[in-house]
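Understanding the architecture of this molecule
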Amino acid sequence: MIDWIAYAWLIPVFPFLAFVLIGLLPKRTLGWEDGGGYAVAGAAGALVLSMLVIWDVLNGQTLTHDAPRSTWLIIGDFRIEFGIWVDQLTAVMLVVISVVGTLVVIYSGGYMHEEGVGRRRYYAEIMLFISVMYGLVIADNYLQMFIFWELVGLCSYLLIGFWYEKPSAASAAKRAFIVTRVGDIMLMAGLIILFKYVGTLDFAVLFGQGAGSIVSRGEIPQDMLTLATALIFGGAIGKSAQFPLHEWLPDAMEGPTTVSALIHAATMVKAGVYLTARTYPLLVQTPESLLFVAIIGGVTALIAATCALAANDIKRVLAYSTVSQLGYMILALGAGGYLVIHAHEAGGYAAAMFHLMNHGFFKALLFLCAGSVIHSVGTNDMRSMGGLRGKMPITSITMLIGSVAIAGIPPLSGFWSKDEVLAAVYEGGEFDPVFFALWAMGVATAFLTAFYMFRMWFMTFAGAPRSEVHAHESPKIMTVPLMILAGLALVSGFALFVGEGFMGFIERSIEDLPVTPLHESLTDIAVRIFTDPLTYVSLVLAVAGILLAYRVYYLPGFDRSVFAVGVRGKLQRALENRWYISQFYDDFAVKVWYGFALVADWFDIYVIDGIVNGFAYLGANMGATIRKAQSGNVQRYASLIILGIVVLLVFILYVLPWGGW
Amino acid sequence: MIPLEYWLILSSLMFVIGAYGVMTRKNAIVVLMCIEIMLNAANINLVAFSSYYSTLHPAFGTDVSGQVFALFSIAIAAAEVAVGLAILLSVYRRYQTIDVDKINILRW
Amino acid sequence: MFEGVPIISIIILLPLIGAIMSFSLGRHDKYAKWVALGFSTAALVLSLLVVVAFMVEPNTGSEGYHEGNGFFDFQFYEEYSWIESLGIRYIVGLDGLSIALFVLTTLLSTISILFSWDTKLRPKEYFGLMLVLEVGVLGVFTTLDYFVFYVFWEIVLIPMYFLIGVWGGPNKDYAAIKFFIYTHIASLALLIAIMAMYFEAGANSFGMEDIWRAGQSEFARTFQIAVFAAAFFGFGVKLPMVPFHTWLPDAHVEAPTAGSVLLAGLLLKMGGYGIIRVAMPTLPEGAEALQLVMAAIAIASILYGALVCLAQRDLKKMVAFSSISHMGFVLLGYATFTQVGVAAGVFQMFAHGLVTAVLFMMCGVVQHHCGTRIIQDLGGLSKKMPAASTMMTIGFLASLGLPGLVSFAAEFMVLASMFDTWALWLFLPIISVAITAAYYLWALQRSMFGPLTTKIDTSHVHDMNWYESVPVGLLLALIALFGVFPLVVFQYIDPAVRIVLDLFGGG
Amino acid sequence: MAVWNYLDGFFPQLLLIAFALVMPAIDYVVKDKRVLAWASLVPLLVLAALFTEWLFIGGWEPPASDIALLEVSMFSGLFVLVFVFVGIVVVLGSPEFIKADKNQGEYYALILLAITGMTVVAEAADLIALFVGLEIAGISSFALSGFRKTEKRSAEAATKYFIVGGFSSALTLFAISLIYGVAGTTQIVGIEPVLAGYVSGTEPIDAGPVLVLATVLLMAGFGFKIAMVPFHMWAPDVYEGAPTPISGLLAAASKKMGFAAFFKVFLIGLILTKTDWDIAVGALAIITMTVGNLIAVSQTNMKRLLAYSSIAQAGYVLIALPVATQYAVAGGMFHILTHAFMKSGAFMVVAAMGAVAVGEKLDDFKGLNRRSPFLALSMTLFLLSLAGIPPLAGFASKFVLFSSSVYASFEPGQGWLIWLAIAGVLNSALSLYYYARVIKYMYMEKGTGDSVKIPPMMAVAVGFAVLMVVGIGLFPDPFVSACRDAAEAFSGLAPGWR
């Protein structure tokens, strides 16, 4: 029996090899789809190995502080080593990355077919992304993680800007990178604080591993730890597109839809959630940071959901939905921390990770469906779609499954995880009443989610066609991944009830905190879910959302012009303008900084260099004035000699004694 | 015996007169003469100091080096005048004048 | 490997011989590039062998090893008397502080010569001057006698003056003379500092080690402060530090590409090297007294340089200002007086040398192929020159500190040490990380991406020539290599930096 | 042989005078006027060989002087060597330059006589000898600068030089007479003991304003020779108007003679009242270098530019006076030595260009690199050396010179001396501006005209100067040692001098 988990470091190597091969091989040896074959092989290799590793983890093996390590840097007394870290949390991420990654690469074979020469670049970049994403989740210290963290950002940048000749794509790519970099700076600062006080960024040391927390060991003052954790979460705000840095994600929809599905829905944007979850051992020592996390999550969930209401671009709807769902996860993590502190239970944490996994599947599914639609229709704008149900049966059904899942209708996956999230938040209210408010926001979000998802579905697939397009069903290579993902969206929720149950599985990754294991049997969980009245509150609201969308966007006779006048009109415009947050960045942040830059440039040219040139001018031109004294008249020379003598005499006889030399 | 101061006042006056002449007179010959006056002012000084040496420096006895110096300087002045006049001659050939104000193509 | 062979002198002499040969080619000036490439490559190969022979864990008894006894320990040490009456000796040697820069010099020189392969204007002078420049920089990085150090320091100015003045852009006269005089003034401040140290030490020797040893007891605190200020000014202008930086953008904008590469890649490093080799170890109390000044200037350079970059229209000028910002990190690392900071500062010099060379070469490529570097006039070049665009992207990413590429380790460690020393002031320099990303990506977006520009005639624009892509590709490979394995370089730097800090008394 | 016993100390002068006297005769006899140059080289080369052996190798020693007018020491020996070397360069550069002129015998005779006067000043131990030497050199060079009688500018230069020179001689002589009156001696080394009251039976003399007047008049008189601001006004006009080799002689040798006098009288004779004059001379040094450099920037005539550059260089050497240490004197001597080569070399380049009818305007230097790479490279080396760029001679000497003021500023109460060094280095940077401009003209601008062939003797002259400039730069050790020996000998002249 091979100990597969020890080979976890090989997972990123497969896609990386594919990246190198696609990037460097001569064009004629690339074969199918200009490198698509290598890409599929790379992704599949990683998938297989991931599954083997996950199997080991399911069997109770982990690879944490005793993993093999190699030295990256030695400075003075500091030794920075890199290694791998595989525990239950990693396993969840591996599942999402490997499955979605492989399916997206296969799907790309159809979706990117028309790209021609650009495909090579596309596959290379996708492979690089998958590789570094694996690297991110198996890192065993923050620095290593940060390196991959930045690299996934890079891949995101490159892939958003894949169609670089479109100005909007180039601009969106740049924005995405810069905005996430603002978050990265906070993360970097947080890591630096930890590094200063603890002297290492290894998870094994930072998380104590039985040696007590780093605060209790007196290595870091409480206020600094709070600052550090808040800053680390700042990284998550950027990467996971949380308020107020969330606007880059909708813009990032300029990239190919496959990229949106993989990077901006299923994997990279989850890195922030993963980071926050990974930092749990530190976060639970800083309740202030946890509250901050929860509030950001709740606010993001609601705001993004409202923005999705008025979006007409099918991908933007999904993007806002992604932001909103990420907010859920963050909210659950914030609330879960309170549960860990006060009740020693991991409910919120587990719920967040459960939602992360489910969301990875159904959101990837939704994006790929949207891609299928766009591929067929040739536009993103839902206002020119409609009535595609008949022409694209597989796409419409799989998308319906995705929508139902995200709306939270049992027994699809979204229901289970969303319910767990809301339950955890509500439970947090016991320890801080703010969580009740956040719970209310979460429930409202659930209602809005159901509404806008079905608004989207109805606008796309139902009714009569609104434009002259010859839509057709996508080829098999695209629909098969859709069907697989749809299947996963249908069943992944039942992970709650398989084996030891998802909750029991994931909470082992933080059992040192300490957390009291859930002594619920799997049936108890089901019973608890279905006997809790709160479950029905969100369920009823979700159904209400669907029905409202049905009324407004499907049944004829609803006059949507009421949205255009009065207070509702203002609200509508605010929503269409995404609460003016984007404008704020463009008008304020960009212009102010650019203004600073112009002022600095002016200062540089006219003041600093002006002084330099002024001196130079003096040096170069003073002589032209002085030399006029040289009149050519010899008697003036003699006079000047006498004058010089007189001045010297006066100086020596009168000035010198008086000056006190 | 005439006090030393008288000689010094004389030489100083000659020196100042000579210097004034160098600065103001336009004719180069006169300028040359003024320079000679200045040199002779110094000669008077040298001879006078030599003559009054024993009163000035009672510890040293007498000294004639001042008078020797004056002889040297007279000879040198003569040589200088000779060269100077030759130069003025060649200037006059080129400029048709020896007005020092007009000799100023070299400047700045 | 080199027992009994004066290998460093040989490496310094090789380009000099090449230069003389190149100058004296007469009408056969088309061979100048081959001569230059041959000699610089020979120097490069030998310097790589030196790296191989360099002992990270020195065997103290071996030949050519010079034990500093508190001062730096040198290998490949050579010592000859030069001007005995003033105690001036020609001493060369390498240690961890210099070896990386030493190899960087031979490497960038060779690469710049290759990059200038199609120089048509007065080639024998051009390549000869490049080699003279190499000699000067090599001398600065190896010599251990202040007088000789200063001689090499000044020699560097002359070829650079000519390179800008003859082969430069439209405003070359102004830029060349400004570069020459501005940096010369700074050198003179350094000269006065050197004189002062020599006399105050009273050791009748210009040897760095002798003066340091005498200075241990002879240099009073006020003396150290005054002399450190002078030396710091001398080195800082070269670095360059705000507000004494304005020679740099002009020089870069006008210089030929290879000149810019060497200017930014090597000449700026001379300033950084001088501070760590000369100013800080020899005048520790002065450095301590002026620590905050150093830090303030460093932070000002970092932020100001980055901010000004945002406003630039000329691609090359932007890269020039970015050098100011990045060299600020070097100074900031030094100013922390911590092992991490100083070592990272030294590494940042090395990293910046590689990265900035790529950037300037790419600016040269754009200029060469498109005839302009004005960002607003470019656009969509990716379509026409995919390889160039890829390389430029990687270069920019390396420069903005992307992990996995060489600058990251340095910048991260500098910032870490900054927090260690000044706690939350960290947030000032760290802002630049975002600004840097902003200006690079903005420039990339406007020059390489978007629709193909119509402001210039792009019909004849083609991708990079071999002599352009080979050097850049090689550098990019090194950037990635040292980004992934920074330890390769750090292992040399670290022990030497430890000595610097020991000189600070317990540092 | 009793006479010879008195005269053997004069043997260098006698040698020079003897050759000077036969020059007109040779001129009368030979057709090829280059023979004159060869002939006048003979005494110069002999002296150069002998003094080089004495100062740098050891072996030959000059006969000591039995009379009190002269002292023969390494200090004076080094100056003699400088004058002789400059003489060699000037003589080598002359034949082509003056080949169209009449009376060439007198020309060389006057050069030899001028050098004779300079050597007298260098060796003078008595104010009488000093003055006589100054006048011999002065009168010869008045005549030399007006040698081209057919040229307006040459005549004008001679007139101006003569008037200002005569005026300055008068000032000098008057000052000397006052010193004689106050101190009762014309022996330079004798002045200080009298003033200080060291001589038995005397009290310290407080000469007050009289001595100050004498000091200031001497500053003016010597300042005229070295072209110290504000006594410098004649220099640019004369350098421009005089035949170019003579400009070289004036800048490279005559100026150095002024320094020899300055050093002797101020640092030995008037050292007691140093506090009276040191700040004044320091200030004048700074003013001199600054004014010289500033005006040089705006010049368009190469000779005039070099003239102003000479003024500035004089300012640097003046630093040695207020610093007044043995090391400073060595530095000053060293800079005098190197400046002699760089400046005479630069003037020879200009002379060569004049000889081949290229011109001496700055514009004529455009594209010189194409027309004569040798001249362009030589000029570049001279100019860079003047600017103090290592590893050329000018850097080495400036280094020693400036460092002497840095060193002296460590003494208590002498802190202000550091400003001399700072002013010096700032001025070096300023001077780089116009030197670099010339280099730019030669290498970076396009010129007109074909390539030119440089006469071989001129090439030798320039080449010799280049050799020295580069050689001293690369191997300054023997020269530094010689200057140190000279300075030691110098301080040995005055007991109690530090």
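Notes on the structure in this doc start here. Please read these numbers as outputs of a predicted model, since none were measured by experiment.

Thoughts on the overall build of chain B
Tallying secondary structure elements over chain B gives four helices and zero strands in all. Taken from the N to the C terminus, the helices and strands of chain B come in the order α-α-α-α. The C-alpha atoms of chain B give a radius of gyration of 18 Å, which is well past the 13 Å a tight globule of 108 residues would have. Expressed along its principal axes, the backbone C-alpha trace of chain B runs to roughly 55 × 25 × 25 Å. Taken over 108 residues, chain B has a buried fraction of 44%. As displayed, chain B has an accessible area near 5400 Å², and 69% of this comes from carbon and sulfur atoms. Taking the 6 positively charged and 6 negatively charged side chains of chain B as two groups, their mean positions are separated by 20 Å.

Some points on the interface of chain C and chain A
On the chain A side, the residues contacting the 59 residues of chain C number 53 residues. Both sides together, the interface formed by chain C and chain A hides about 4800 Å², and carbon and sulfur atoms give 77% of it. Here chain C and chain A share three salt bridges between them. Ionic pairing is found between C:K178 and A:D609, a salt bridge with its closest N-O pair at 2.5 Å. Counting across the chain C and chain A interface gives 13 residue pairs in polar contact (both at pLDDT 80 or more). Sorting elements by how many residues they give to the side of chain C that touches chain A places helix α19 (residues 427-447) of chain C first, with 12 residues. Here the residues of the side of chain C that touches chain A are counted per class, giving 42 nonpolar, 11 polar and six charged.

Structural notes on the layout of surface pockets
Roughly 1600 Å³ of internal volume is contained in the second largest pocket. Forming the walls of the second largest pocket are 42 residues, and the residues nearest its centre are C:L16, C:I20, C:F23, C:V132 and D:L381. If you list the elements that add at least two residues to the lining of the second largest pocket, you get α1 (7-23), α4 (123-142), α5 (146-155) and α6 (157-167) of chain C together with α16 (368-371), α17 (373-387) and α20 (456-474) of chain D. Here the lining of the second largest pocket takes seven residues from α1(C), the largest share from any one element. Of the residues that constitute the lining of the second largest pocket, the class distribution is 32 nonpolar, four polar and six charged.

A word on a nonpolar patch on the surface
A grouping of A:F584, A:F588, A:V592, A:W593, A:F596, C:W425, C:L428 and C:I431 is seen on the molecular surface, where their side chains present a nonpolar patch of about 770 Å² in accessible area. Of all the elements in the fold, those that place two or more residues in the nonpolar patch are α24 (581-626) of chain A together with α19 of chain C. Looking at the nonpolar patch, the element that brings in the most residues is α24(A), giving five residues. Positionally, A:F584 belongs in helix α24.

Some words on unusual backbone geometry
For the peptide bond that leads from A:F243 to A:P244, omega is 5°, which places it in the cis range. Residue A:P411 is reached from A:P410 by a cis peptide bond, and omega for that bond is 5°. When you line up the elements, A:P411 lands in the loop between α16 (393-407) and α17 (413-428). Even without being a glycine, A:A241 presents a positive backbone phi close to 55°. Considering the arrangement of structural elements, one finds A:A241 in the loop between α8 (222-239) and α9 (248-251). Even without a glycine there, the phi angle at B:Q96 is positive, about 60°. Examined against the element boundaries, B:Q96 turns out to sit in the segment after α4 (65-95).

Considering the interface of chain D and chain C
Taken together, the contact between chain D and chain C spans 40 residues of the former and 32 residues of the latter. Surface buried jointly by chain D and chain C totals about 3200 Å² across both partners, of which 79% is contributed by carbon and sulfur atoms. The interface formed by chain D and chain C includes one salt bridge. Linking D:K440 and C:D173 is a salt bridge whose minimum nitrogen-to-oxygen distance equals 3.3 Å. Taken together, the elements giving at least two residues each to the side of chain D that touches chain C come down to α16, α17, α18 (393-408), α19 (418-444), α20 and α21 (477-493) of chain D. With 13 residues, the single largest contributor to the side of chain D that touches chain C is α19(D). Along the lines of polarity and charge, the residues of the side of chain D that touches chain C split into 28 nonpolar, six polar and six charged.

Quick notes on the arrangement of the chains
There are five pairs of chains in contact here; the most contacts are made by chains A and C. Contact between chain B and chain C is absent, and the minimum C-alpha spacing across the pair is 25 Å.

Here is what the cut-offs are and how they apply
Along each chain, numbering runs from 1 in the same order as the chain's sequence is written. Here every chain gets a letter starting at A, and every ligand a number starting at 1, in the order they are written. Residues qualify for local features only when their pLDDT is at least 70, as the model is predicted, and side-chain atom pairs are given and counted only at 80 or more; totals for whole chains, interfaces and linings, by contrast, use all residues. Side-chain numbers come from the whole structure's heavy atoms, not from hydrogens or water. Helix and strand labels come from DSSP, where a helix needs a run of H or I of at least four residues and a strand needs a run of E of at least two; each type is numbered from the N terminus. Here the globule rule reads 2.2 Å times residues to the power 0.38, and the radius of gyration is calculated from C-alpha atoms. Residue burial is assigned from relative accessible area. The probe radius is 1.4 Å, only protein chains are included, and a residue is buried under 20% of its type maximum, exposed over 50%, and partly exposed in between. Residue-level accessible areas treat just the shown protein chains as cover; the underlying method is Shrake-Rupley with a 1.4 Å probe. Here Asp and Glu are counted as negative and Lys and Arg as positive; His is not counted, and neither are the chain ends. Where a charge lies is defined by one atom per residue type, namely NZ (Lys), CZ (Arg), CG (Asp) and CD (Glu). Contacts are residue-level and defined by heavy atoms, with any inter-residue pair within 4.5 Å sufficient. Two parts placed together each lose some accessible area under a 1.4 Å probe, and adding up what both lose gives the buried area. Definition used for salt bridges: Asp or Glu carboxyl oxygen within 4 Å of a side-chain nitrogen of Lys or Arg. Definition of a polar contact: a pair of N or O atoms within 3.5 Å, with one able to donate and the other able to accept a hydrogen when the atoms are protein atoms, and with sequence-neighbouring residues admitted only if both atoms are side-chain atoms. Residue polarity follows a fixed list, in which Ala, Val, Leu, Ile, Met, Phe, Trp, Tyr, Cys and Pro are nonpolar, Asp, Glu, Lys and Arg are charged, and the others, Gly among them, are polar. Of the two site types, the cavity is a set of points on a 1 Å grid over the protein atoms alone where a 1.4 Å probe fits but cannot get out, and the pocket is an open set with protein on both sides within 12 Å along at least five of seven lines, each lined by residues with an atom within 4 Å of a point. Grid points are joined across faces, edges and corners, and a volume is the space filled by probe spheres set on the points. To count toward a patch, a residue needs a relative accessible area above 30% and no salt bridge. Like charges then connect within 9 Å, nonpolar side chains (Val, Leu, Ile, Met, Phe, Trp, Tyr) within 5 Å.

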